[in-house]
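For reference, the chains in residue letters:
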Amino acid sequence: MSEAQTASLQKARALAEQERFVQARALYTDILAHDPQNIDGNIELGVLEARCGDFQAAEQHLAYALRLAPDDPVVHLNLAELQREAGDLESAAGYYKTCLTHSPDDADALYGLGDALRLLGRCEEALGPLEHAARLVPDDPEILNALGIVYDTQGRTKRAIATYKQAIALDTSNAESWINYGVLLSREGLYEQSCRIFETASGHVALDGQTLVNWARDAMHLGHDRVAMDLAEKAAKTGAARAEVELCKGSVHEHFGRFDAARLCYEAVVAAAPGSGHGYRHLSRINLLSPATTNRLDGILSDPSGTPASRAAAGFALYALLDKAADYDRAFTALSEANALERMHAPFDRERHAAALNDVAGFFSRERFSAMAGWGDPDATPIFIVGLPRSGTTLTEQILAFFDTVSVGGERTDIQRLALTLKQYPQDLGALRRQWFAGHGKRIFEEMLGPGSGSSMATDKLPGNYVHCGLIALLFPHARIVHCRRDPRDLGLSLYAQDFRARMNFAASLEDIAFVYREYERLMRHWEDTLPVQIHTVHYENLVQDTVPTARSLVEYCGLEWNDACIATHEVDRPIHTASVWQVRQPINAGSVGKWQRYERHLAPFTRALERE
């Protein structure tokens, strides 16, 4: 290449960098008119055309460069980038791979290949190239964000969190990393942390409407309903989908028992998205779904073009209508179809679940409790209401909510979050000192009480804390643990009938529910044998059928003075954030006891699975 050609190329590059594309194109064209086989000129003009959106012209120049230099990794890399931009990820991956055969440490090609494979859903293949790219360029936030997504997809939550945090530290203006991090925390049920991340992110980047909606949902989980309503209103101003916004607003009204206002919001959801099942599902939750929608719901459920989540929501709503109409066979068919769609979202891992519970039971022995006796906060008096979901935990807490001395916390995640701070839980607890347990016990209890509450006791009714009874006993030597039990057949049906989605993926399969129930029973027997804290058991059937003595025993166990008014649970004015919101707003009744008998034939595989060892 002559000095004049070299100078012309340098000038064309400078023009392209200044985004003076018309002048740059003219100069590149002139260079190629004099030297058509100029490889650099063809590559660079191809890249420029791609930047200008003319993919056909870009491909012509790059394809010609490839014929001139078939082994040039730069040509393959730019063709890969072009195909990726055009949406042909398979072709892009092929070009990236060829580039890497000639230049195995090309970080751009490694990242491009890994991200293309990730977008194709081939995360196992994507991991190697992305980790290689991150080793070569450890301070690239885009590479780290893609790697975080892959870790997250593989269920490697802690690695994903660390990777997202690293990406954000390198570039606080990277909205995608903030959002991915927040969504991961939300999916793990760490709503306090996810809200904190979304709030911090909002100071650095403009959050889109969907992220504001996600933030609003997480705020609702924490009981911050007014914050959620404000966020929903902000999301509406960004042009977020009306259905998403109205779902949030309706949920806030529902939590406060404002069912007429909730109905208006959910009807707006149906109007905005008539082909979606979500609005109907929420109307069914508050018992305000019209039987006239039965055929419409059947159509949504059976429409293969709908999303699995929308179709499943329609199925749950259809079940509610048909159950109410005593059409039990059709009701259970709709329920089965809805749960089959749910299982597509996140299959349940039985081995992982059993292994985690085995680790817990193996660590927390009588000897362990004896050696660590008195290590927690000796002054804290929290009340933990545990059990499987749908076992009466909300109703139990509602009785205690009557008392002014009790700060009602709902489903808090303090214990769960503390466990997640350990690399290996519960094994790492054995290396910690007395001060760790006392300090965290004091901090958690103060947060449960809340600032200026004037309460001396506080509740946490996260059902899954049954897994963490051992940690609770170490943190709080004087904790009260209330164990809610229910007939497993009614419990299983109730779980199966709830749209829990990824938050509780075992609930989408009756056999998985039976498996979880057996494992839960096994762990609770272990706690009964080993725990230094007395466990008080509340049987749901006794609570709703023989309310006064059952409630009195609960109140006395918690160290409170009995008051007849505490069983008027439907009159307690507080937001409720669980699937039981409608039932708990009604006077205590035994209407759901023995409901499983309506579906005895359909539940036969479940009852058989319950008996397995």
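Read on for a plain summary of the structure. Counting restarts for each chain, with residues numbered from 1 along the sequence as it is written. For this predicted model, a pLDDT threshold of at least 70 governs which residues receive local features, and a threshold of 80 or more governs which side-chain atom pairs are given and counted, while totals over whole chains, interfaces and linings are taken from all residues. Computation of side-chain values: all heavy atoms of the structure, hydrogens and water removed.

**Examining the nonpolar core**
- Ranked by internal contacts, the top residues of the largest apolar core, which has 94 residues, are Phe-364, Leu-471, Phe-476 and Trp-527.
- Secondary structure elements follow DSSP: runs of H or I no shorter than four residues count as helices, runs of E no shorter than two count as strands, and numbering proceeds from the N terminus. Ranked by the residues each element gives to this core, the list is headed by helix α28 (residues 510-530), at 10 residues.
- Once residues lying within four places of it in the same chain are set aside, the contact partners of Trp-527 are Val-360, Phe-364, Phe-369, Tyr-466, Val-467, Cys-469, Gly-470 and Ile-535. Put simply, a nonpolar core is a bunch of buried Ala, Val, Leu, Ile, Met, Phe, Trp, Tyr and Cys residues held in one set by side-chain atoms that sit within 4.5 Å of each other. Relative accessible area decides the class of each residue, using a 1.4 Å probe on protein chains only: under 20% of the type maximum gives buried, over 50% gives exposed, and in between gives partly exposed. Residue contacts are defined here by distance: any two heavy atoms, one from each residue, within 4.5 Å place the two residues in contact.

**Here we look at the packing of aromatic side chains**
- Stacked, tilted and edge-to-face pairs are distinguished by plane angle, under 30 degrees for stacked and over 60 for edge-to-face with tilted covering the rest, among Phe, Tyr and Trp rings (Trp via its six-membered ring) whose centres lie within 6.5 Å. All chains considered together, the criterion is met by 15 aromatic pairs.
- Note on Phe-402 and Phe-403: the rings are 5.2 Å apart at their centroids and 85° apart in plane angle, and the pair reads as edge-to-face.
- Residue Phe-402 is classed as partly exposed on the basis of its relative accessible area of 29%.
- We classify Phe-403 as buried; its relative accessible area is 9%.
- The rings of Tyr-319, Tyr-328, Phe-332, Tyr-496 and Tyr-599 are connected pair by pair, giving a single aromatic cluster.
- Two conditions define a charge sitting above a ring: the NZ of Lys or the CZ of Arg must be within 6 Å of the ring centre, and it must be within 35 degrees of the ring normal. Cation over ring: Arg-368 sits above Phe-363, and NZ or CZ is 3.8 Å from the ring centre.

**Re the pairing of strand β4 (residues 480-485)**
- Strands were regarded as paired on the criterion that DSSP finds at least two bridges between them. With 5 bridges joining them, strand β1 (residues 382-387) and β4 adopt parallel strand pairing. Following the sheet pairing, Ile-385 is matched in β4 by Val-482.
- Note: β4 against strand β5 (residues 535-539), 5 bridges, orientation parallel. Following the sheet pairing, Cys-484 is matched in β5 by Val-538.

**Considering the environment of Gly-430**
- By the secondary structure assignment, Gly-430 is in the loop between α24 (414-420) and α25 (434-449).
- Gly-430 sits 375 residues away from Phe-55 along the chain, and the two C-alpha atoms are 61 Å apart.
- Other than its neighbours up to four places away in sequence, Gly-430 contacts Phe-363 and Arg-368.

**Things to note about the environment of Leu-318**
- Take Leu-318: it is sitting in helix α19 (residues 308-324).
- Note: C-alpha distance between Leu-318 and Asp-105 (213 residues apart in sequence) is 56 Å.
- With near-sequence residues (within four places) excluded, Leu-318 lies in contact with Thr-294, Leu-297, Asp-298, Leu-301 and Ala-334.

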